[in-house]
Amino acid sequence: MSCHDIGHGMNNVVKKVLELMDAGEISADAAKTLAYTAIGSVHFCDGNEYEASECFAEQGRCSCCLEIKPTVFAFEDCPDLYRDKINAMETVRWRRPRDWDDYEILGDTICPECLERVYKNKFERFDENV
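Residues numbered from 1 in each chain as written. Predicted model: local features only at pLDDT ≥ 70, side-chain atom pairs only at ≥ 80, totals over all residues. Heavy atoms only, no water.

Asker: Can you walk me through the state of the cysteines in this structure?
Answerer: Covalent bonding between the sulfur atoms of two cysteines defines a disulfide. Per the stated rule, a full pass over the model turns up zero disulfides. Of all cysteine sulfurs in the structure, the one in Cys62 sits closest to Cys65, which takes part in no disulfide; the separation is 3.8 Å. You can call Cys65 partly exposed: its relative accessible area is 22%. Unpaired in terms of disulfides, Cys111 finds its nearest cysteine sulfur in Cys114, a separation of 3.6 Å. The class of Cys111 is buried, set by a relative accessible area of 0%. (Disulfide = S-S within 2.5 Å. Buried < 20%, exposed > 50% of the residue type's maximum accessible area, 1.4 Å probe, protein only.)

Shown next as structure tokens:
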């Protein structure tokens, strides 16, 4: 049984981090570092990362560029146009922040521009390592 309280609690921390970034009080890089740390903290109590990053979807925010965008979709609800790219990236376990040395994606939402950029970057690096 997982601990939902820590996931929801860390989601509040991530919301505050994004609020500080939006207000210009911290940089986007600092926001990513703090959000990544908060999301990973759920593992101290058998929590769930998706609960700690729910605020991205709630705010219509891309969990890669951290911007509120007119078009942001959850990975499981992405348009058919992007389905092959999403499936390919999930094959190499790209969704989990701890799998990225630069924790490029923090949650389960992404804008089309970031999807294109991340897909290209991930598979260029992936192909070089095969």
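So, next bit.
Asker: How should the environment of Pro70 be read in this particular structure?
Answerer: Mapped onto the secondary structure, Pro70 falls in the loop between α4 (54-59) and β1 (73-74). Owing to a relative accessible area of 85%, Pro70 belongs among the exposed residues under this scheme. Expressed as a C-alpha distance, the spacing of Pro70 and Cys111, which sit 41 residues apart in the sequence, is 8.6 Å. (Helix = DSSP H or I, 4+ residues; strand = E, 2+ residues; numbered from the N terminus.)

Asker: Before we go on, may I ask you to explain the nonpolar core in this structure?
Answerer: One recurring pattern in soluble globular proteins: nonpolar side chains tend to sit buried together. Core analysis: the biggest nonpolar cluster contains 15 residues, and Val14, Leu18, Ile39, Phe56, Leu66 and Leu106 have the highest contact counts within it. Taken together, the elements giving at least two residues each to this core come down to α1 (4-22), α2 (28-40) and α4. A total of five residues in this core trace back to one element, the largest contributor, which is α1. With residues near it in sequence (within four places) discarded, Leu18 still touches Cys55, Phe56, Gln59, Arg61 and Leu66. If you look at the next biggest cluster of nonpolar residues, it comprises twelve residues, including Cys64, Cys78, Cys114 and Leu115. (Core = buried A, V, L, I, M, F, W, Y, C linked by side-chain atoms within 4.5 Å. Contact = heavy atoms within 4.5 Å.)

Asker: Sorry if this is basic, but what is going on with the environment of Thr71 here?
Answerer: By the element assignment, Thr71 lies in the loop between α4 and β1. The class for Thr71 is partly exposed, based on a relative accessible area of 44%. Counting along the chain gives 40 residues from Thr71 to Cys111, while the straight-line C-alpha distance between them is 6.0 Å. Residues in contact with Thr71, not counting those within four places in the same chain, are Cys111 and Pro112.

Asker: Got a minute to help me understand α1 in this structure?
Answerer: Helical geometry note: an α-helix holds 3.6 residues per turn, so side chains three or four residues apart project in the same direction. Compared with the 27 Å implied by 1.5 Å per residue over 19 residues, the 27 Å span of α1 between its first and last C-alpha is a close match. Among the residues of α1, those classed as buried are Ile6, Gly7, Asn11, Val14, Val17, Leu18 and Met21. For α1, the arc enclosing every buried residue in end-on projection is 140°, short of the 170-degree limit, so these residues lie on one face. For α1, the secondary structure elements touched by its buried residues are α2, α3 (49-52) and α4. (Expected span 1.5 Å × (residues − 1). Arc of directions from axis to C-beta.)

Asker: Help me out: how do you make sense of α2 in this one?
Answerer: Here α2 contains 13 residues, and its C-alpha end-to-end distance of 18 Å stays within 8% of the 18 Å for a straight helix at 1.5 Å per residue. Regarding α2, the residues found buried are Ala31, Lys32, Ala35, Ala38 and Ile39. An end-on view of α2 places all buried positions within 135° of arc, on one side of the element. Looking at the buried residues of α2, the elements they touch are α1, α3 and α4.

Asker: Just checking my understanding: could you explain the confidence of the model for the protein chain for this structure?
Answerer: Low pLDDT marks stretches whose predicted atomic positions should not be read closely. Across the protein chain, pLDDT averages 79, with 78% of residues at or above 70. Taken element by element, the protein chain is modelled with least confidence in helix α5 (residues 80-91), mean pLDDT 67, and with most confidence in α1, mean pLDDT 91. Here residues 93-102 scores under 50 on pLDDT; set against residues more than four positions off or in separate chains, the count is 26 contacts. Note on residues 126-130: pLDDT under 50 across the span, and one contact to partners over four residues away in sequence or across chains. (pLDDT = per-residue confidence, 0-100.)

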